[in-house]
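A structural walkthrough
Listed below are the residues making up each chain.
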Amino acid sequence: MSDTPYAGMSLQRFTDLMGLYDPAALTQQEQAHGWHYCESAWDGLLISPVDAEYKFCTCPHAQSHKRADSYYESLLNFKKFLKENPQYPLDGTPDECYNTNQ
C-alpha cells in the first residue's frame, strides 16, 4: 500500500483508522489538518477537508477547515445566482444604466 500522504495522512494510516472509529486515535497533527470522524452528516465517517463529503459536514470544530469551492462548484453557484437574478448584467454595466423608466 502506498505511503504517499493524503491531506497529511498516509494511505496505510487512513485504512487503519477507517476500521477503528476511535477519535482519540487521531494525532494532533491529523486533527490540525482537519481529519475527524464526522457525526453531523456522515455517521462517523473519517473525512478530511480535501474530501467532497467535508463540504456538507456541520461539525463545529470542522468549520475552520472548510475547503474552498472547486472551479466546477463555483460555476454551478454562479449559474444558480444567474437563475435567481435574471436582471444581473454580465457586461459590468451598472444596474442604473439599464433603468428605462427615467
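Anyway, here's the lowdown on the structure attached to this text. What you are looking at is a predicted structure, and each value in this text was computed from that prediction instead of being measured. (Residues numbered from 1 in each chain as written. Predicted model: local features only at pLDDT ≥ 70, side-chain atom pairs only at ≥ 80, totals over all residues. Heavy atoms only, no water.)

**Some thoughts on the side chain of S10**
Within the secondary structure, S10 is located in strand β2 (residues 9-10). Side-chain polar atoms of S10 contact the backbone nitrogen of R13, separated by 3.1 Å. (Helix = DSSP H or I, 4+ residues; strand = E, 2+ residues; numbered from the N terminus. Polar contact = N/O pair within 3.5 Å; in protein donor to acceptor, adjacent residues only side chain to side chain.)

**Observations regarding the packing of aromatic side chains**
Inspection of every chain in the model, using the stated rule, returns two aromatic pairs. Aromatic side chains F14 and W35 sit 5.6 Å apart centroid to centroid with 50° between the ring planes, which places their arrangement in the tilted category. With a gap of 21 residues between them, F14 in helix α1 (residues 11-18) and W35 in the loop between α2 (28-32) and β3 (36-38) connect regions that are remote in the sequence. Residue W35 is classed as buried on the basis of its relative accessible area, which comes to 1%. With centroids separated by 5.0 Å and ring planes inclined at 70°, the aromatic side chains of Y21 and Y37 adopt a geometry described as edge-to-face. Here Y37 lies in strand β3 and Y21 lies in the loop between α1 and α2, a separation of 16 residues in the sequence. (Phe/Tyr/Trp six-rings, centres within 6.5 Å; stacked < 30°, edge-to-face > 60°. Buried < 20%, exposed > 50% of the residue type's maximum accessible area, 1.4 Å probe, protein only.)

Nothing here speaks to function; it is all geometry.
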